[in-house]
Amino acid sequence: MTSISLSVNGKSVSGDVEGRTLLSAFLRENLQLTGTHIGCDTSQCGACVVHVDGQAIKACTMLAAEADGADVRTIEGMENADGSLGVIQQAFQDHHGLQCGFCTPGMVMSAAALLKDNPNPTEGEIREYLEGNLCRCTGYHNIVKAIMAASGQDVSKIAAE
Amino acid sequence: MHNFDFAKPATIADAVAALQGDEAQPLGGGQTLIPTMKQRLAAPEVLVSLTHIPDMQGVCTNDAGQLCIGGATTHATVAREAASSFPGLAHLAAHIGDPAVRNRGTIGGSLANNDPSACYPAAALGTGATICTNLREITADDYFQGMFDTALDEGEIITEVRLPIPQAAHYEKFVQPASRFALTGVFVAKYQDHVRVAVTGASENGVFRWADAEAALSQSFASDAVADLSVDPDHMIHDLHASKEYRANLVKVGTMRSVKKAK
Ligand SMILES: Cc1cc2nc3c(=O)[nH]c(=O)nc-3n(C[C@H](O)[C@H](O)[C@H](O)COP(=O)(O)OP(=O)(O)OC[C@H]3O[C@@H](n4cnc5c(N)ncnc54)[C@H](O)[C@@H]3O)c2cc1C
Ligand code: FES
Ligand code: FES
């Protein structure tokens, strides 16, 4: 066991982890932050995307011990201070960017990482950025639309509903 | 995944020392190794992280006209920092996997793994790069030794990769959409007096140079120069994604497109 300390959604946390403990397991099991989903556990689906020091990574493919000292943000850290949905989350609701919701935490975290680097992405840029986030329900159109809307762009011309 | 001891050295010397044990293995971004360990195809007793060593991070150019990339530099960093000095390489790095993979995966991990469909091996061989380890410098022509096989010895780590910056280059990747690796990819680099062409995702022996195309393009750097050449489909990869003949054709198409897009 090694002991790690990190910041998660602005709060200092610490815990004992085995070498093999994944960041996803540490978040879900030690911290009970179960919003970070495990879809494939093989770094294919992106349901587990969180931010580590501001960068989107797949929490199922990073060791918890590697996050010692890091600043981690999960879907639980995306809401506004008053507990209402954050801008991207609200846009997903408004534009039907989710159905079962399983992929949604990863989609929102990827979208947040994209908008940080590229506040005004084109539809093509959004689709390319989401290459590592799989959704079995929506067909993606409304996810792309939600992200465009969250970036403040006019989405009325995007056909798919 | 079997359990292991985790080491996080801050210097190359400490990493090399931690790797002395029989069952110790280096960890780059973990984008290949962690899934492999989950499948219990690898079970090191000690895992030595290379991503907290400042001397193995970053991108710079040297007086010899080479781009020097620290062995633990992520694909995302290369995509960003090589954009003006070596756009062909930045483009390659920016199209590996997906953004989350690029934020963790490293050039050293990619070259050490030498997946037959990986992108970086094509750039390293296509530029005639030097692979620097804690022990020696290995030229790319000697480094790649077949599928998943390299000149690296047990416990030897890639500390830096030096790629001669070409006048123009491009990597044309025909994506295998499920894995996001290259179904077939071709890296073409034009230098003052010669051209190099390296192909990934095609041969059963891993990345290789297409000598006929190099000779033709060194005479005339135009896509037409390879129009009459063909690649022997023997020993090409043949799987459910593509036949060997299809891959052989993609090598030529990828070369022609790379020449057209080279910058
Ligand atoms: C969804 C997905 C898509 C991908 N798509 C692509 C793609 O399109 N193109 C592509 O090229 N790759 C792709 N990859 C692979 C990715 O680029 C990996 O990051 C890379 O192959 C391995 O790098 P790593 O730093 O993660 O190494 P690790 O997984 O940590 O290690 C891989 C191997 O290299 C060894 N190693 C690591 N670093 C060093 C070093 N510095 N010196 C010596 N040995 C070392 C390890 O011991 C291990 O054996 C993809 C991966 C995933 C999960
Ligand atoms: S659970 Fe991590 S990528 Fe699918
Ligand atoms: S909403 Fe069900 S997987 Fe995306």
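Since the model is a prediction, treat every value here as computed from it, not as a measurement.

A. Structural detail: the overall build of chain A. Counting its regular elements, chain A contains five helices and five strands. Shown N-terminal to C-terminal, the secondary structure of chain A runs as helices and strands in the order β-β-α-β-β-β-α-α-α-α. At 16 Å, chain A has a C-alpha radius of gyration in line with the 15 Å of a compact globule built from 161 residues. Principal-axis analysis of the C-alpha atoms places the extent of chain A at approximately 55 × 35 × 25 Å. Here chain A holds 161 residues, and the buried ones make up 53% of them. Here the contacts in chain A between residues at least 6 apart in sequence split such that 53% fall between residues at least 24 apart. Within the structure as shown, chain A displays about 7300 Å² of accessible surface, and the carbon and sulfur contribution to it stands at 47%.

B. Examining the UniProt feature "domain: FAD-binding PCMH-type" (unreviewed entry) in chain B more closely. According to UniProt, the positions carrying the feature "domain: FAD-binding PCMH-type" (unreviewed entry) are residues 1-168 of chain B. With 32% helix and 20% strand, residues 1-168 of chain B has end C-alpha atoms that lie 44 Å from one another.

C. Representation of the sheet that holds strand 4 (residues 59-61) of chain B within the structure. Residue and element names in this part refer to chain B. Strand order in the open sheet formed by five strands is 4-5-8-6-7, with antiparallel pairing between adjacent strands. Strands at the two margins of the open sheet, each flanked by one partner only, are strand 4 and strand 7 (137-139). Taking each pair of neighbouring strands and ignoring which way they run, the sheet shows an average axis angle of 20°. Note: strand 6 (residues 130-133) against strand 8 (residues 158-164), four bridges, orientation antiparallel. Note that in strand 8 the partner of Ile-131 across the bridge is Val-161.

D. Structural context of the pattern of salt bridges. Applying the stated criterion across every chain, the model contains 16 salt bridges over all chains. When the shortest N-O distance is used, the salt bridge between Lys-38 of chain B and Asp-41 of chain A registers 2.8 Å. In this pair, Lys-38 of chain B sits in helix 2 (residues 33-38) while Asp-41 of chain A sits in the loop between helix 1 (23-30) and strand 3 (49-52), so the two residues belong to two different chains. The class of Asp-41 of chain A is partly exposed, set by a relative accessible area of 30%. One salt bridge in this structure joins Arg-127 of chain A and Glu-123 of chain A, with 3.1 Å as the shortest N-O distance. Of this pair, Arg-127 of chain A and Glu-123 of chain A are both found in helix 4 (residues 123-129), four residues apart, which corresponds to roughly one turn of the helix. The exposure class assigned to Arg-127 of chain A is partly exposed, which follows from its relative accessible area of 33%. Glu-123 of chain A gets classed as partly exposed once you look at its relative accessible area, which sits at 33%.

E. Local environment of a negative patch on the surface. Taken together, the side chains of Asp-5, Asp-22, Glu-23, Glu-45 and Glu-154 of chain B define an acidic patch exposed on the protein surface. For Glu-154 of chain B, the position within the fold is in the loop between helix 8 (140-143) and strand 8.

F. Quick peek at the site of ligand 1. All names here are of chain B. The full set close to ligand 1 counts 32 residues, and Pro-26, Gly-29, Leu-33, Thr-106 and Arg-180 are the nearest of them. In this structure, Thr-32 approaches ligand 1 through a main-chain N or O atom, which is 2.9 Å from an oxygen atom. Here an oxygen atom of ligand 1 sits 2.5 Å away from a polar atom, N or O, in the main chain of Arg-180. Contact with the protein chains covers 95% of the free accessible surface of ligand 1, which is 960 Å². Secondary-structure elements contributing two or more residues to the shell around ligand 1 are strand 2 (24-27) and helix 6 (107-113). Sorting elements by how many residues they give to the shell around ligand 1 places helix 6 first, with four residues. For the shell around ligand 1, a count of residues per class yields 14 nonpolar, 15 polar and three charged.

G. Representation of the domain arrangement of chain B within the structure. Residues and elements named next belong to chain B. Domains assigned within chain B are domain 1 (5-49), domain 2 (54-164) and domain 3 (168-261). The straight-line distance from the C-alpha centre of domain 2 to that of domain 3 is 19 Å. Contact residues are listed per partner, giving 26 residues for domain 2 and 23 residues for domain 3. Across the domain 2 to domain 3 interface the summed buried area is about 1900 Å²; carbon plus sulfur atoms make up 62%. Across the domain 2-domain 3 interface, the total number found is three salt bridges. One salt bridge connects Asp-141 with Arg-196, and the closest N-O pair in it is separated by 3.2 Å. Taken together, the connections running from domain 2 to domain 3 amount to eleven residue pairs in polar contact (both at pLDDT 80 or more). Where the side of domain 2 that touches domain 3 is concerned, the elements lending two or more residues are helix 4 (87-94) and helix 7 (120-127). If you tally residues by element for the side of domain 2 that touches domain 3, the top one is helix 7, at six residues.

Calculation rules
Along each chain, residues carry numbers from 1 onward, in the same order as the chain's sequence is written. The naming scheme follows written order: chains are lettered A onward, ligands numbered 1 onward. Residue-level local features of this predicted model are given only where pLDDT is at least 70; pairs of side-chain atoms are given and counted only at 80 or more, and the full residue set underlies all totals for whole chains, interfaces and linings. The side-chain numbers reported here are obtained from all heavy atoms of the structure, hydrogens and water having been left aside. Only runs of H or I of at least four residues qualify as helices and only runs of E of at least two qualify as strands under DSSP, and these elements are numbered from the N terminus. What the globule rule says is 2.2 Å times the number of residues to the power 0.38, and the radius of gyration is computed from C-alpha atoms. Under the scheme applied here, a residue whose accessible area is under 20% of the maximum for its type counts as buried, over 50% as exposed, and between as partly exposed, the area being computed with a 1.4 Å probe on protein chains only. In this description, contact between two residues means that some pair of their heavy atoms is separated by no more than 4.5 Å. Surface accessibility in these figures is a Shrake-Rupley result with a 1.4 Å probe; residues are shielded only by whichever protein chains are displayed. UniProt positions are given in the numbering used here, feature names are shortened, and annotations may be inferred rather than shown by experiment. Two strands pair if DSSP finds at least two bridges between them. Axis lines are fitted through C-alpha atoms, for helices just across the contact stretch, and the angle between N-to-C directions can take any value from 0 to 180 degrees. Each salt bridge in this description consists of a side-chain nitrogen of Lys or Arg and a carboxyl oxygen of Asp or Glu lying within 4 Å of one another. Each patch is assembled from residues with relative accessible area greater than 30% and no salt bridge, linking like charges that lie within 9 Å and nonpolar side chains (Val, Leu, Ile, Met, Phe, Trp, Tyr) that lie within 5 Å. For the purpose of charge, His is not counted, nor are the chain termini; Lys and Arg are scored as positive and Asp and Glu as negative. The atoms used to mark charge sites are NZ of Lys, CZ of Arg, CG of Asp and CD of Glu. One heavy atom suffices: a residue is near a molecule or strand as soon as one of its heavy atoms comes within 4 Å of it. Each polar contact in these results corresponds to two N or O atoms within 3.5 Å; when the atoms are within protein, one needs to be able to donate a hydrogen and the other to accept it, and residues that are neighboring in sequence are counted only if both atoms are side-chain atoms. Any residue outside Ala, Val, Leu, Ile, Met, Phe, Trp, Tyr, Cys, Pro, Asp, Glu, Lys and Arg is labelled polar, Gly included; the first ten of those are nonpolar and the last four are charged. Boundary definitions for the domains trace back to an automatic or database domain assignment. Throughout, buried area stands for the accessible area (probe radius 1.4 Å) lost by two parts on being put together, summed over both.

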